[in-house]
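Each chain, written out:
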Amino acid sequence: MKLSQLNPGQKGIIVSFTDAEMAVKLMEMGCLPGEEVEVERCAPLGDPIAIRVAGYQLCLRKTEAAVIIIQ
Amino acid sequence: MADLKVALVGNPNTGKSTLFNLLTGLNQKIGNFPGITVDKKTGFCKLPSGKSAEIVDLPGTYSLYPKSKDESIVFQVLADKNNSSHPDVIVLVADSTNLRRNLLLFSQVADLGIPMLLALNMADMAKKEGISIDIDKLAQRLGVQVVNISARKGEGLPALKQAIAQITSLATQTSSIDAKSFAPEAVAAIKQKIATDNDYYALQVLHQHEHLAFFTDKEQEEIEAIEIGNGFDTVKLQGEETVARYRHLSKVLSDVVVDTGAKKKFTLTDKIDAILTHKVFGFIIFFFILFFIFNAIFSWSSVPMDMIEGGFAWLTEKGHEHLPAGVLTDLLLDGVVAGLGGIVIFIPQIAILFALISILEDTGYMARVTFMMDKIMRKFGLSGKSVVPMIGGIACAVPSIMSARNIESWKDRIITIMVTPLVSCSARLPVYTLLISLVVPDEKVWGVFNLQGLTLMAMYFISIIAAVLVALVFKFIIKAKERSYFIMELPVYRMPRWNNVLFTMYEKSKTFVLEAGKVIIAISIILWVMSTYGPSKRFEAIDAKYDHIEANSKDTVQLATLERDRAAEKLENSYAGLLGQTIEPMIKPLGYDWKIGIALITSFAAREAFVGTMATIYSVEGAEDDGGETRLRDKIGAAKDPATGLPIFTFATAFSLMLFYAFAMQCMSTVAIVYRETKSWKWPMIQLVYMTAMAYVAALIAYQFLK
């Protein structure tokens, strides 16, 4: 399942990434495999989304969230 | 010269800039928005040992692998031993509430082998949130000194300075990962090629040599050949390295960090976000904040501005009364003082604008605006991150274009740079203010909104809409080099640092007066000379003509009018007048006469020269007037077309002028900064041409429809 498919309030555990370049950026910002991630809210227009991971808030576009595979 | 060079390195939002201010006592702009530290900032600090240290504040980054132009500076400085900012010591500033992510950068920097220490900032906040860190154990495992500090409260500084003084010239940090294991042959080949014994440095060179200017073209080619020859996959290896580092850090941090209640820190921020980024309220609040800013600029500043305006009028009047009449007095009062008054009067507005913008950045609200606006902005070829340069453009395009450096994608960045100067900056404010006060009545609509304030807001909206539409055009013209990203930290809400707000107000007003002032005073003097003197034959002819009429007339009333007519005719025949008349056929369709033409010419280099020019031209014209019309606004409002006798500043002319100033690129500093940021003349020239064309067409349409 992709992170972009979660609704606000839902949680998941990061399993892997489908894009190597984006994976480096996400990992540098604390999105590591095995880390719990929660979708906090969507922007007023539905995109981007704000997630909580590794003890802080991150925002990213839905297309970017779609490269994060969660369970 | 300092005894020691110290670089501050850390993630964005770790309080690095605040620490820098504390250490150096030099203040500068700090914000809550990731990557606000754009240019290199340097200051000096006395250490307890009596030695002095030069402190450099490097841009915030999550990793040595840069994602934006801004971040690439960090590795460039740390890699180049001959760089003037290359540090002897690195202070890595980390956020105690998010240690693991912060230590990723630590471990990369540590492997470069430069002596360093770790400053754990926000120690007080971490404690409050139930995070406890065993710093002795951490120091032992990392092999460097670890100091707890709280930059916001100014705690832990003596200990930090002591630690900097004590640091050894040999790096002591323990090794983390085996850098050469990722690409053994390539690393070995590079080590030999560039004569280094540091595996990680060699690996970084393989990844990033394109960013390192100190390699010659030949060296670049050889490094490239090693890369290709060994099948070096930079993306894959960066990923592997990051994973390996985090694995290492898990070991380092096991039983160092005890976290009992990490959720607490977000409760307040969550509640605020629920309102401020709400589907409906979010935009309404944003709109109201913008309206509040415009309203504040107008209403709060009116009293001090009236006082300044009145003060300068009084000064000119008294000067003319008491100083001996002559050319020098005229130059001083009608040239210099008039020009100076035209600048000083905008200090209240600029101070208010910058104070409000710095509060929005400091509290963390600006990051939310970015978050809310991204989807809209993307439709027009921009990114949510373009909102900050564009809102900053309301203040000044120059720093805003520089702040576009933290937009990762090249295309998004170029488009942002191209359209930011269209957003009405504070230099247009004087022009708008003057023209609005001439043609828009000072009335209330629905009892609350000031009509002039609303008109001003409309001008800003027009400029923003224009910027967005032009962006859309560029979106289809410019080809993308890489994909665009929008991964950004949303910092927790904080109270603004009031000292910082006050300082920003002071600093920006000072810069405006000094920088813009120099140009404006110079232009004012040149203009005064040009409008007072003309081809001597013409002037002699005018003098002869009026002397002749005067000699034959005894009517005192007629004499007074004659003096005024003589001055007006002289102005028309002065060098400035002739220049204005030369371009008059071109600007006639826009509703301008040759006097406005002079103002257009002088504001080619800096648009804020408009008001000063008007002030100079009209004080020259009114110099012989003994009436009470000493306020600029009244003088310009009273100006009449000599042919028809109708006022020159009608609604149509004023609106056409405002549109011209809204769209035209009348700012040499912006042209220069765009050249610097894009490293080519192509973009600033395209910008100059399209903006001037747009200004002309918009002003033409407006005048022809409204007249």
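Residues numbered from 1 in each chain as written. Chains lettered and ligands numbered in written order. Predicted model: local features only at pLDDT ≥ 70, side-chain atom pairs only at ≥ 80, totals over all residues. Heavy atoms only, no water.

Caption draft 1: Expanded view of the sheet that holds strand β7 (residues 146-148) of chain B. Residue and element names in this part refer to chain B. Here we have six strands laid out as an open sheet, ordered β2-β3-β1-β4-β5-β7, and mixed in their pairing. Pairing within the sheet leaves two strands with one partner each, and these edge strands are β2 (41-46) and β7. Geometrically, the sheet is characterised by an average inter-axis angle of 25 degrees between neighbouring strands, direction not taken into account. One ladder, built from three bridges, connects strand β5 (residues 116-121) with β7; its direction is parallel. Opposite L120, over in β7, you have N148 as the bridge partner. (Pairing = 2+ DSSP bridges. Helix = DSSP H or I, 4+ residues; strand = E, 2+ residues; numbered from the N terminus. Axes fitted to C-alpha atoms, helices over the stretch in contact; angles between N-to-C directions.)

Caption draft 2: Broad picture of the packing of aromatic side chains. Residue and element names in this part refer to chain B. Inspection of the entire model under this criterion finds 11 aromatic pairs over all chains. Here F292 and W300 contribute two aromatic rings whose centre-to-centre distance is 5.5 Å and whose plane-to-plane angle is 80 degrees, an arrangement assigned as edge-to-face. Here W300 falls in the partly exposed class, since its relative accessible area comes to 47%. Among the aromatic residues, ring-to-ring pairing joins Y592, F610, F660 and Y661 into one connected group. (Phe/Tyr/Trp six-rings, centres within 6.5 Å; stacked < 30°, edge-to-face > 60°. Buried < 20%, exposed > 50% of the residue type's maximum accessible area, 1.4 Å probe, protein only.)

Caption draft 3: Structural detail: the pairing of strand β4 (residues 56-60) of chain A. Most of β4 of chain A sits out of view: five of its five residues are buried. Across the two faces of β4 of chain A the burial is the same, with Y56, L58 and L60 of chain A and Q57 and C59 of chain A all buried. Inspection of the sheet shows strand β3 (residues 49-53) of chain A paired to β4 of chain A by five bridges, in the antiparallel sense. By the bridge assignment, V53 of chain A is partnered in β4 of chain A with Y56 of chain A. Between β3 of chain A and β4 of chain A, which follow one another and run antiparallel, lie two residues, and A54 of chain A among them has a positive phi close to 50 degrees. Note: β4 of chain A against strand β11 (residues 488-489) of chain B, two bridges, orientation antiparallel. The partner of C59 of chain A across the bridge, within β11 of chain B, is M488 of chain B.

Caption draft 4: Local environment of the pattern of salt bridges. Residue and element names in this part refer to chain B. Tallying each qualifying case throughout the model produces 26 salt bridges over all chains. Linking E489 and R101 is a salt bridge whose minimum nitrogen-to-oxygen distance equals 3.4 Å. You can see E489 sitting in strand β11 and its partner R101 sitting in helix α3 (residues 99-110), a full 388 residues away along the chain. A relative accessible area of 2% places R101 in the buried class. With its nearest N and O atoms 3.1 Å apart, the salt bridge here joins D374 to R378. (Salt bridge = Lys/Arg side-chain N within 4 Å of Asp/Glu carboxyl O.)

Caption draft 5: Main features of the domain arrangement of chain B. Residue and element names in this part refer to chain B. One can read the domain layout of chain B as domain 1 (4-166), domain 2 (179-245), domain 3 (281-426 + 449-477) and domain 4 (516-706). Put simply, the middle of domain 1 and the middle of domain 2, counted by C-alpha atoms, are 26 Å apart. On the side of domain 2, 13 residues touch domain 1, which itself brings 14 residues to the contact. Both faces considered, domain 1 and domain 2 share a buried interface measuring about 1,300 Å² in area, 61% of it formed by carbon and sulfur atoms. Among the residues domain 1 hides against domain 2, the three largest losses belong to Y65, F75 and D111. Together they make up 45% of the total. The tally of links between domain 1 and domain 2 comes to one salt bridge. D111 is the partner of R245 in a salt bridge, and the nearest nitrogen-oxygen pair spans 2.9 Å. Of all the elements in the fold, those that place two or more residues in the side of domain 1 that touches domain 2 are α2 (69-79) and α3. Counting residues per element, the side of domain 1 that touches domain 2 draws most heavily on α2, at four residues. Across the side of domain 1 that touches domain 2, the residue classes break down as seven nonpolar, five polar and two charged. (Domains from an automatic or database assignment. Contact = heavy atoms within 4.5 Å. Buried area = accessible area lost by both parts, 1.4 Å probe. Nonpolar A, V, L, I, M, F, W, Y, C, P; charged D, E, K, R; others polar.)

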